[in-house]
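Chain by chain, the residues run as shown.
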Amino acid sequence: MKDASQALEKASDIVVEAGKMVRANLGGRFSTGFKSCPADLVTEVDRRSQSFILEGLGKAFPDHRLVAEEDFTEDDLALDDRPVWFIDPLDGTTNFVFGIPICAVTVSLALGGRPVLGAVYDPFREELFTAARGSGSYLNKKRIRVDRTRKKLAESLIATGFPSSDRFKGEMLRANFTAIFSKAVDVRAFGSAALELAYIACGRITGYWEVCLRPWDVAAGIVLVEESGGRISDLCGNDLLLENHVSIAASNGLIHGELISDLGFLPGSKPSNK
Ligand code: IPD
Ligand code: CA
Ligand code: CA
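Residues numbered from 1 in each chain as written. Chains lettered and ligands numbered in written order. Predicted model: local features only at pLDDT ≥ 70, side-chain atom pairs only at ≥ 80, totals over all residues. Heavy atoms only, no water.

### Describing the coordination of the calcium ion (ligand 3)
Alright, step 1. Looking at the calcium ion (ligand 3), one finds its protein donor set to be Glu-69 (OE), Asp-88 (OD) and Leu-90 (O), positioned 2.1 to 2.4 Å from the metal centre.
Alright, step 2. All donors of the calcium ion (ligand 3) belong to a single chain; written as a sequence motif, their spacing is E-x18-D-x1-L.
Alright, step 3. A relative accessible area of 1% means that Asp-88 is categorised as buried. (Donors = N, O, S within 2.8 Å, 3.2 Å for Na, K, Ca; no water. Buried < 20%, exposed > 50% of the residue type's maximum accessible area, 1.4 Å probe, protein only.)

### Considering the environment of Glu-155
Alright, step 1. Mapping Glu-155 onto the fold places it in the loop between strand S9 (142–144) and strand S10 (157–160).
Alright, step 2. Taking the C-alpha atoms as reference points, Glu-155 and Val-185, separated by 30 residues in sequence, lie 5.8 Å from one another.
Alright, step 3. Among residues more than four places away in sequence, those in contact with Glu-155 are Thr-149, Arg-150 and Val-185. (Helix = DSSP H or I, 4+ residues; strand = E, 2+ residues; numbered from the N terminus. Contact = heavy atoms within 4.5 Å.)

### Re the coordination of the calcium ion (ligand 2)
Alright, step 1. Distances from the calcium ion (ligand 2) to its protein donors, Asp-88 (OD), Asp-91 (OD) and Asp-217 (OD), fall within 2.0 to 2.2 Å.
Alright, step 2. Taken in chain order, the donor set of the calcium ion (ligand 2) reads D-x2-D-x125-D.
Alright, step 3. Here the calcium ion (ligand 2) and the calcium ion (ligand 3) are spaced 3.7 Å apart, with Asp-88 acting as a shared donor. Accessibility classification places Asp-88 together with Asp-91 in one group, the buried group.

### So, the domain arrangement of the protein chain
Alright, step 1. We note that the domain assignment places domain 1 (4–144) and domain 2 (153–263) within the protein chain.
Alright, step 2. Every contact between the two is made by 45 residues of domain 1 and, on the other side, 27 residues of domain 2.
Alright, step 3. In total, about 2,700 Å² of surface goes out of reach between domain 1 and domain 2, with carbon and sulfur atoms giving 64% of it.
Alright, step 4. Inspection of the region where domain 1 meets domain 2 yields 3 salt bridges.
Alright, step 5. For Glu-226, the salt bridge identified is with Arg-133, shortest N-O distance 2.7 Å.
Alright, step 6. Those elements that provide at least two residues to the side of domain 1 that touches domain 2 are strand S4 (84–91), strand S5 (104–111), strand S6 (114–122), strand S7 (127–132), strand S8 (137–139) and S9. (Domains from an automatic or database assignment. Buried area = accessible area lost by both parts, 1.4 Å probe. Salt bridge = Lys/Arg side-chain N within 4 Å of Asp/Glu carboxyl O.)

### Description of the sheet that holds S8
Alright, step 1. What the 7 strands build is an open sheet, ordered S3-S4-S5-S6-S7-S8-S9; its pairing is mixed. A single partner strand is all that each edge strand has here, and the edge strands are strand S3 (65–68) and S9. With direction set aside, neighbouring strand axes in the sheet form an average angle of 20°.
Alright, step 2. Bridge analysis of S3 against S4 gives 4 bridges, and the strand direction is parallel. From the neighbouring strand, Leu-66 faces S4, where its bridge partner is Trp-85.
Alright, step 3. Contacting S4, S5, S6 and S7, helix H1 (residues 4–25) crosses the sheet at an angle of about 35° to S6. (Pairing = 2+ DSSP bridges. Axes fitted to C-alpha atoms, helices over the stretch in contact; angles between N-to-C directions.)

### Comments concerning the sheet that holds strand S12 (residues 207–213)
Strands pair in a sheet through their backbones, by hydrogen bonds, and they do so in one of two ways: parallel or antiparallel.
Alright, step 1. Here we have 5 strands laid out as an open sheet, ordered S11-S10-S12-S14-S13, and mixed in their pairing. Each edge of the sheet is formed by a strand with only one pairing partner; in this case those strands are strand S11 (186–188) and strand S13 (231–233). For this sheet, the mean inter-axis angle between neighbouring strands, taken without regard to orientation, is 15°.
Alright, step 2. Looking at chain direction, S12 and strand S14 (residues 246–251) are connected through 5 bridges and run antiparallel. When the sheet's bridge partners are listed, Gly-207 is paired in S14 with Ser-251.
Alright, step 3. Where helix H7 (residues 215–227) meets the sheet, it contacts S12, S13 and S14, and its direction lies at approximately 25° from that of S14.

### Points about the packing of helix H6 (residues 193–201) against H7
Alright, step 1. Look at H6 against H7: their axes get within 8 Å of each other, and the N-to-C directions meet at 0°. The orientation of H6 relative to H7 falls into the category roughly parallel. Across the interface between the two elements, Ala-193, Ala-194, Leu-197, Ala-198, Ile-200 and Ala-201 of H6 pack against Asp-217, Val-218, Gly-221, Ile-222, Leu-224 and Val-225 of H7.
Alright, step 2. Looking at side-chain class alone, the contact of H6 with H7 contains 10 nonpolar, 1 polar and 1 charged residues. (Parallel < 35°, antiparallel > 145°, perpendicular 65-115°, else oblique. Nonpolar A, V, L, I, M, F, W, Y, C, P; charged D, E, K, R; others polar.)

### A word on the site of ligand 1
Alright, step 1. Every one of the 14 residues lining ligand 1 counts as a neighbour, but Asp-91, Gly-92, Thr-93, Gly-191 and Glu-210 are closest to it.
Alright, step 2. In the model, an oxygen atom of ligand 1 is placed 3.3 Å from a nitrogen or oxygen of the Glu-69 side chain.
Alright, step 3. Interatomic distance of 3.1 Å between a backbone N/O atom of Ser-192 and an oxygen atom of ligand 1.
Alright, step 4. Protein burial of ligand 1: of its 380 Å² of free accessible surface, 84% is covered by the chains.
Alright, step 5. Residue assignment for the shell around ligand 1 shows that the elements contributing at least two residues are S4 and S12.
Alright, step 6. If you tally residues by element for the shell around ligand 1, the top one is S4, at 3 residues.
Alright, step 7. When residues of the shell around ligand 1 are sorted by domain, at least three fall in each of domain 1 (4–144) and domain 2 (153–263). (Near = heavy atom within 4 Å. Polar contact = N/O pair within 3.5 Å; in protein donor to acceptor, adjacent residues only side chain to side chain. Areas by Shrake-Rupley, 256 points an atom, 1.4 Å probe, with all protein chains shown as cover.)

Listed below in structure tokens is the structure:
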């Protein structure tokens, strides 16, 4: 394998190019369909972006596994020791379909179930977030850090997201929304998990949680948050594994205990992702 900084540079070039194509198509004509249910949207732009990324990463890293959102099997998600790239060719498809310019293209390399580097590109703001283990997190090549000024939920801006599939709505409703809404400064749902994590990394938001995401939604964001001084866990405060479904809490670190406790998932238990 090429070294991490070369791999990250290659990944960055690829997400930026794919992102330009996504940007060029916002508000245009493209075919839209759905996957697991009518709310689970996919467009031809997702697929075009994915083909471009698969070709680029496949050429650069012929020995690595590539796992991409629009073309995967559950077997692809089994953890093994081979390097694997998780690819989300368009994170924020619902926003994209409705003409809202809040979307990202993201890829991340994981080893042994742990993401080691990743890139998230927001083509509408031309913001490229990158991180590699041990090397810090960057926004357009400038070092970024989580917001360490906010130490309590009452001072915090929190983000969350809502699963499109009915299958996961019960799990979503296990969170104590009332506790979070009544304490926090405010709550946002931007509609792109990758960007929500990137926004924690650069200090724009203080905390985030969401249930039943997929590895490609969060892998790059996990590295971004951890390398910028923040904390990642599951919803009970345990270490997070990149399993086939991922329920995640992320924060600046300082509010993490309070966020987990107010979300109200049983301490020490494992959230149910099934
Ligand atoms: C979605 C976004 C959204 C989250 C959904 C994800 P997609 O990814 O990250 O913020 O709430 O659960 O599925 O489908 O737009 O790539
Ligand atoms: Ca996604
Ligand atoms: Ca996607």
